[in-house]
Amino acid sequence: SNLQVSINDINFNNPVLNAAGVRCQSTTELDAILASTAGGAVTKSATLQPRNGNETPRMQSLPFGSINSMGLPNYGFDYYLDYVINQQIAGNQNLILSIAGLSIAENLTMLRQIQASDYQGLVELNLSCPNVAGKSQVGYDFEAVADILAAAFTFFDGHLGLKLPPYFDLNQFDELSAILNQYPLTYVNSINSIGNGLAVDLDTETVVIKPKAGFGGIGGDYVKPTALANIRAFRLRLNPAIKIIGTGGISSGQDVFEHILCGADLVQIGTAFGPEGTPIFERVTDELETIMVAKGYRSLADFRGKLKII
Ligand SMILES: CC(C)(C)CCc1c(C(=O)O)[nH]c(=O)[nH]c1=O
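Criteria and cut-off values
Residues numbered from 1 in each chain as written. Predicted model: local features only at pLDDT ≥ 70, side-chain atom pairs only at ≥ 80, totals over all residues. Heavy atoms only, no water. Near = heavy atom within 4 Å. Polar contact = N/O pair within 3.5 Å; in protein donor to acceptor, adjacent residues only side chain to side chain. Areas by Shrake-Rupley, 256 points an atom, 1.4 Å probe, with all protein chains shown as cover. Salt bridge = Lys/Arg side-chain N within 4 Å of Asp/Glu carboxyl O. Helix = DSSP H or I, 4+ residues; strand = E, 2+ residues; numbered from the N terminus. Buried < 20%, exposed > 50% of the residue type's maximum accessible area, 1.4 Å probe, protein only. Lys, Arg positive; Asp, Glu negative; His and termini not counted. Contact = heavy atoms within 4.5 Å. Pairing = 2+ DSSP bridges. Axes fitted to C-alpha atoms, helices over the stretch in contact; angles between N-to-C directions. Parallel < 35°, antiparallel > 145°, perpendicular 65-115°, else oblique. Nonpolar A, V, L, I, M, F, W, Y, C, P; charged D, E, K, R; others polar.

Asker: Could you give me a rundown of the site of the ligand, with the residues and numbers involved?
Answerer: The ligand sits among Lys44, Asn68, Ser69, Met70, Gly71, Leu72, Asn126, Ser128, Pro130, Asn192 and Ser193. For the ligand, an oxygen atom lies 3.0 Å from a polar atom in the side chain of Lys44. Within the side chain of Asn192, one N or O atom sits 2.8 Å away from an oxygen atom of the ligand. Burial of the ligand by the protein chains amounts to 77% of its free accessible area of 390 Å².

Structure follows, in structure tokens:
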């Protein structure tokens, strides 16, 4: 079967990438993803200056997923911009440069530097980035979303995608989609981890991660129903020119199939990629092909977005 996907004029051999944040902070880790069956690689969300991130333990595996409060540890924007440009020179277009500035101004600064560079690939703006003190993360402050997109598109003409937090109220999908449809976005990526979950250890009667009194983003099996709902809700509301990347709860070819059936063009694996490593990409794409053959689908377009109601 044909697993190929094109996002604008960027061709992917298969739709399965890593998610920003998992095993993608160093060039060694990114090279390993590109050397694997993965359709492409996403960099750890970058801030202008390098960051150590939060105290450990800051991520823990849980029975059905993970909890993390990493605190944006990364080697800094220049490190990742250099990497994706070098990959572009080497002929690899399947990179996504992820940025998560600590302010709207910092995000615009990074976008201006990307605009001034030779980078022609995909850029993923992480809207779970912090907002002004006392306000919700940008992704939950729709005025801030409108402001940053209006400002960005006064100068940025590259392939801009948005990494969105999960939403749970159908009116939020209507309201946010009405904003996003006003801009020439290349894609939205749904979902980021479900924010501020909590896991406890029965024996020690403690939380399991040190930062934020144990509060952290939840990923893995726990979040797949929320991910599928967000993908479907945005697919049904967004301009068809805005593609969808599905993230959340993928650990099998069946999960990939479900994301694509709900409307995803590409998918990203975060939590499950951690313990399994790069072999997950071959396993998951093989499992996807098996399902497609069994169902008689020859390409992803044969079933993408064709979820039926009953
Ligand atoms: C939560 C932020 C630290 C503001 C952004 C980076 C990030 C992190 C992180 O670096 O803690 N973890 C996630 O699950 N998603 C994210 O987007």
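Asker: With reference to specific residues and values, describe the pattern of salt bridges.
Answerer: Overall, the coordinates contain eight salt bridges when judged by the stated rule. Notably, a salt bridge pairs Arg237 with Asp174, separated by 2.6 Å at the nearest N-O pair. Residue Arg237 is found in helix α6 (residues 224-237), and its partner Asp174 is found in helix α5 (residues 170-180); the two are separated by 63 residues along the sequence. Close ionic contact of Lys224 with Asp255 constitutes a salt bridge, the shortest N to O distance being 2.6 Å. You can see Lys224 sitting in helix α6 and its partner Asp255 sitting in helix α7 (residues 253-262), a full 31 residues away along the chain. Asp255 matches Lys224 in its accessibility class, with the two residues each being buried.

Asker: Pulling in residues and values, what's your account of the side chain of Arg232?
Answerer: Counting through the fold element by element, Arg232 comes out in helix α6. Despite its burial, Arg232 remains without a salt bridge, the nearest opposite charge being carried by Asp265 at 10 Å. One polar contact links the side chain of Arg232 to the main-chain carbonyl oxygen of Leu307, over a distance of 3.4 Å. Sequence-distant contacts of Arg232, defined by excluding residues within four places in its chain, comprise Leu261, Cys262, Gly305 and Leu307.

Asker: How would you explain the sheet that holds strand β5 (residues 59-62) if you had to name every residue and give the values?
Answerer: Strand order across the open sheet formed by four strands is β5-β6-β14-β11, with antiparallel pairing between neighbours. Two strands close off the open sheet at either side, each with one partner strand: β5 and β11 (194-198). In this sheet, neighbouring strand axes are inclined to one another by 40 degrees on average, regardless of whether the strands run parallel or antiparallel.

Asker: Would you mind going over the sheet that holds strand β3 (residues 16-18) in detail, with residue names and values included?
Answerer: The strand order across the open sheet built from eight strands is β3-β16-β15-β10-β9-β8-β7-β4, with neighbouring strands paired in parallel fashion. Edge positions in the sheet fall to β3 and β4 (41-42), since each has one partner strand and no second. When strand β9 (residues 159-164) meets strand β10 (residues 187-190), the two strands line up parallel, connected through four bridges. By the bridge assignment for β10, Leu162 is matched with Val188. The strands that helix α9 (residues 279-295) touches are β3 and β16 (266-269); relative to β3, the one it contacts most, it runs at about 155 degrees.

Asker: Talk me through the packing of α6 against α7; I want residue IDs and the actual numbers.
Answerer: At a minimum axis distance of 8 Å, the contact between α6 and α7 shows a crossing angle of 25 degrees. The orientation of α6 relative to α7 falls into the category roughly parallel. When α6 is examined against α7, the residues Lys224, Ala227, Leu228, Ile231, Arg232 and Arg235 are found in contact with a partner set consisting of Asp255, Glu258, His259, Leu261 and Cys262. Broken down by class, the residue content of the contact of α6 with α7 amounts to five nonpolar, one polar and five charged.

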